[in-house]
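So the chains spell out like this:
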Amino acid sequence: MNQQNALSELLTIMAKLRDPKTGCPWDVKQDFKSIVPHTIEEAYEVADCIEQGDFSELKTELGDLLFQVIFYAQLAQEQGLFDFHDVVQGLNDKLIRRHPHVFAKQQSLTDEQIAQQWQAIKAQERKEKAANATPSLWQDIPANLPSLSKAKKIQQRVAGLGFDWPSYHGALDKVAEEVDEVKEALAVDPHSAHSAEEVGDLLFATVNVARHIKRDPEQLLRAANDKFSVRFEKVQAYLTERGQSLDSATLEQMDAAWEAIKKPV
């Protein structure tokens, strides 16, 4: 089966699933809001496959994510809003518009120049969207975006306007400054709203360092989570081998185990 026939079959399957009389009861009762959690979950499952290097499973997870797109397009078509063809055409137009160095005028650009061009084009798009509305710098940044990703996008937005450190050094110095402010706030009252605010500022500043070194903060924190989890499981195994358990071990014993498993073999 060629690609066009496979896509047509997929659209037909989706329409049948949504048929009020003969479709699947679960699919029929869904709406835009009800499938959002599933979309988010599928996106994370795709990311997990990539990070785990499980490319055989990635094919399946990409299909599940594509199904989410097909589902939204079907709902929109039923309400006379748009259809899947409109989604694809809109994407085609956007990709061509945002890559003039490829489709309009062939030219070689550095990564920095491409990023600057990208932000300039998006700024123009926001300006056009805001022609009949109250303009906002953040109008196309999803309100429910994970906070680390949202911080990165906000920082990218203002960086495109020239409000940015010239290198990671300034961003790193800001982290050190925020650490001092956290220490001062905690010394006064560790449970105060001010202390919480200062910790938030520290997290925001740390995201800026990640952005400057061309790393995604969400991926960095996921990697740190995984690293810690693996190490702590080794701590558990280390204690078990010595007739201890996590429930009965003291903090000193767990800390000693932690240091022991960190040492190179």
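Read on for a plain summary of the structure. All values reported here derive from a predicted model rather than from experimental measurement.

Within the protein chain one finds twelve helices and zero strands. For the protein chain, the α and β elements follow one another from N to C terminus as α-α-α-α-α-α-α-α-α-α-α-α. Expected size for 265 residues packed as a compact globule is a radius of gyration near 18 Å; at 25 Å, the protein chain overshoots this value by more than 25%. Its C-alpha atoms put the protein chain at 65 × 50 × 40 Å along the principal axes. Put simply, the protein chain has 265 residues, and 22% of those count as buried.

With phi around 65°, Lys-214 is a residue other than glycine that occupies positive phi space. Looking at the element boundaries, Lys-214 is found in the loop between helix H10 (193–212) and helix H11 (217–241). Classification of Lys-214 by relative accessible area gives exposed; the value is 73%.

Tallying each qualifying case throughout the model produces seven salt bridges. Of the charged contacts, one joins Arg-211 and Asp-164 as a salt bridge, the two residues approaching to 2.7 Å between their closest N and O atoms. Here Asp-164 lies in the loop between helix H8 (147–159) and helix H9 (168–188) and Arg-211 lies in helix H10, a separation of 47 residues in the sequence. Accessibility expressed as a relative area gives 33% for Asp-164, which makes it partly exposed. The salt bridge partner of Glu-177 is Lys-174, with a shortest N-O separation of 3.1 Å. Of the two residues, Glu-177 and Lys-174 are both situated in helix H9; the distance of three residues between them amounts to about one turn of the helix. The exposure class of Glu-177 is partly exposed, given its relative accessible area of 37%. Through salt bridges that share partners, Lys-174, Glu-177 and Glu-178 make up one connected network.

Let us look at H10. Here H10 spans 29 Å end to end across 20 residues, near enough to the 28 Å set by a 1.5 Å rise per residue. Along H10, the positions that sit buried rather than exposed are Ser-195, Glu-198, Leu-202, Ala-205, Val-207, Asn-208, Val-209, Ala-210, Arg-211 and His-212. At its buried positions, H10 is contacted by H8, H9 and H11. Of the residues one or two after H10, Lys-214 is the one with positive phi, at around 65°.

Attention shifts here to H11. End to end, H11 covers 36 Å across 25 residues, agreeing with the expected 36 Å (1.5 Å per residue, within 8%). Buried within H11 we find Pro-217, Glu-218, Val-235 and Leu-239. Those residues of H11 that are buried are in contact with H8, H10 and helix H12 (251–262). Count one or two residues on from H11 and you reach Gly-243, which has phi positive near 75°.

What counts, and at which threshold
- Residues numbered from 1 in each chain as written.
- Predicted model: local features only at pLDDT ≥ 70, side-chain atom pairs only at ≥ 80, totals over all residues.
- Heavy atoms only, no water.
- Helix = DSSP H or I, 4+ residues; strand = E, 2+ residues; numbered from the N terminus.
- Rg over C-alpha atoms; globule rule 2.2 N^0.38 Å.
- Buried < 20%, exposed > 50% of the residue type's maximum accessible area, 1.4 Å probe, protein only.
- Salt bridge = Lys/Arg side-chain N within 4 Å of Asp/Glu carboxyl O.
- Expected span 1.5 Å × (residues − 1).
- Contact = heavy atoms within 4.5 Å.

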